[in-house]
Amino acid sequence: MMQEVQNAIWQVQGQQKGKTITIIGGTHGNERTGVEVVLKLKSLIESGDLRITQGTLTLIHGNPRAIEINERGSEPFADLNRSYPTDLLMHEPTGEYEDARARVIAPFLQKSDVVVDLHATNKPSEPFIACVHSSYHEEVYRWFRSEKVLSDPNYVLAGESITTDEYAEAHGGIGLCYETGLASDLGRVDEVTQNVINLFIDQGLVEGQVEIPDGSREMYEMTEAIILTDEGFHFTEGLGEGSWEEFKEGEILGYHGESPFMALYNGVIVFPKLPEHRKVGKALAYLAKKI
Ligand SMILES: [Zn+2]
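Starting from 1, residues in each chain are numbered consecutively following that chain's sequence as written. Local features are withheld for residues below a pLDDT of 70 in this predicted model, meaning they are given only at 70 or higher, and side-chain atom pairs are given and counted only at 80 or more; totals for whole chains, interfaces and linings count all residues. Side-chain numbers here rest on the full set of heavy atoms in the structure, without hydrogens or water.

UniProt positions are given in the numbering used here, feature names are shortened, and annotations may be inferred rather than shown by experiment. The UniProt entry for the protein carries this comment under Cofactor (unreviewed entry): "Zn(2+)".

*Asks:* Whenever I open this one, the UniProt feature "domain: Succinylglutamate desuccinylase/Aspartoacylase catalytic" (unreviewed entry) in the protein confuses me. Can you help?
*Replies:* Per the UniProt record, the feature "domain: Succinylglutamate desuccinylase/Aspartoacylase catalytic" (unreviewed entry) sits at residues 18-187. Segment residues 18-187 splits into 29% helix and 24% strand. End C-alpha atoms: 32 Å apart. Put simply, DSSP H or I for four residues or longer makes a helix, DSSP E for two residues or longer makes a strand, and each gets a number counted from the N terminus.

*Asks:* Could you clarify how one ought to interpret the sheet that holds strand β6 (residues 128-130) in this entry?
*Replies:* Where strands meet in a sheet, backbone hydrogen bonds hold them as pairs that are either parallel or antiparallel. Strand order across the open sheet formed by twelve strands is β1-β2-β4-β3-β5-β8-β6-β7-β9-β15-β14-β11, with mixed pairing between neighbours. One side of each edge strand has no neighbouring strand; the edge strands of this open sheet are β1 (3-6) and β11 (245-247). Strand after strand, the sheet turns through a mean of 30° between neighbouring axes, direction not considered. One ladder, built from five bridges, connects strand β2 (residues 9-13) with strand β4 (residues 54-61); its direction is antiparallel. For Val12, the partnering residue across the bridge sits in β4 and is Leu57. Contacts are assigned to residue pairs that have any heavy atoms within 4.5 Å of one another. Every angle, taken between N-to-C directions, lies between 0 and 180 degrees, and every axis is a line fitted to C-alpha atoms, over only the stretch in contact when it is a helix. Packed onto the sheet, helix α6 (residues 189-203) meets β3 (16-25), β4, β5 (114-121) and β8 (174-182) and runs at close to 160° relative to β3. Two strands qualify as a pair provided that DSSP identifies no fewer than 2 bridges between them.

*Asks:* Explain the side chain of Glu98 here, please?
*Replies:* Inspection of the secondary structure puts Glu98 in helix α3 (residues 97-110). Burial status follows relative accessibility: with a 1.4 Å probe on protein chains alone, a residue under 20% of its type maximum counts as buried, one over 50% as exposed, and anything between as partly exposed. Here Asp and Glu are counted as negative and Lys and Arg as positive; His is not counted, and neither are the chain ends. Salt bridges are identified by distance alone: a Lys or Arg side-chain nitrogen within 4 Å of an Asp or Glu carboxyl oxygen. The buried charged residue Glu98 lacks any salt bridge, with Arg65 as its nearest oppositely charged partner at 6.8 Å. Reaching out from Glu98, the side chain makes a polar contact with the side chain of Asn63 at a distance of 2.8 Å. Residues adjacent in sequence count toward polar contacts only when both atoms are side-chain atoms; beyond that, a polar contact is any pair of N or O atoms within 3.5 Å, and within protein one must be able to donate a hydrogen and the other to accept it. A distance of 2.7 Å separates the side chain of Glu98 from the backbone nitrogen of Ser74, its partner in a polar contact.

Okay, here's the thing in structure tokens:
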């Protein structure tokens, strides 16, 4: 029986011992594929069409308030995926909704062997995986369609370990984010649901057999953030429209005011922000390079 053990956190246990897996959708409320995948898995389990025989499955709607208003966070610039410092539960609560929500979710992440946080991008992107590069992670992400794996060993994204997957990693689990594509695109819900079910089968939670999909992946590492200054920033024509745009060493990627910003290596642009998500002093996009 699936039970709602906390607000928008549902759990089911198999008869036999096994792995603890957590699937999250809607850490960012406007990224609808993950929200729908969680609902779909929940209804498959409730109807008996999907049976968890081993281990523990936790399904989470990350940010219910943001999901309700179909926004990234509960208020502008609030970000649940920047709310998980490793010692979160040792800090005093900040009084903010995202901090309170992270505290509710954190214990489930701590107990998980595997955490998959389903995201989507606000500008066009092919699907990709964000996680640590290792064979253990590959055993998890190989079930999801993705040609690229992006890691951030130097915490370029936020300066410290602070995302859902990083929190899971910091507490001994395997954490990854799957970027399913463009946030408004709901065309991949069934496919991603099946990917997750295949993961359950492979990890022993659900009975059955699945063939391991083949395919090699390109590995990338985040290198730096482009920080918005008071002068403003505009990309060179044709850049900044979506993730994975390639650039070459020496190329002018854009301008801080009038000052050119030149690439010092060959790489790609990732997570370029929408104008309304830009904030002075914060990243407006990130750079990564192939490794
Ligand atoms: Zn997201």
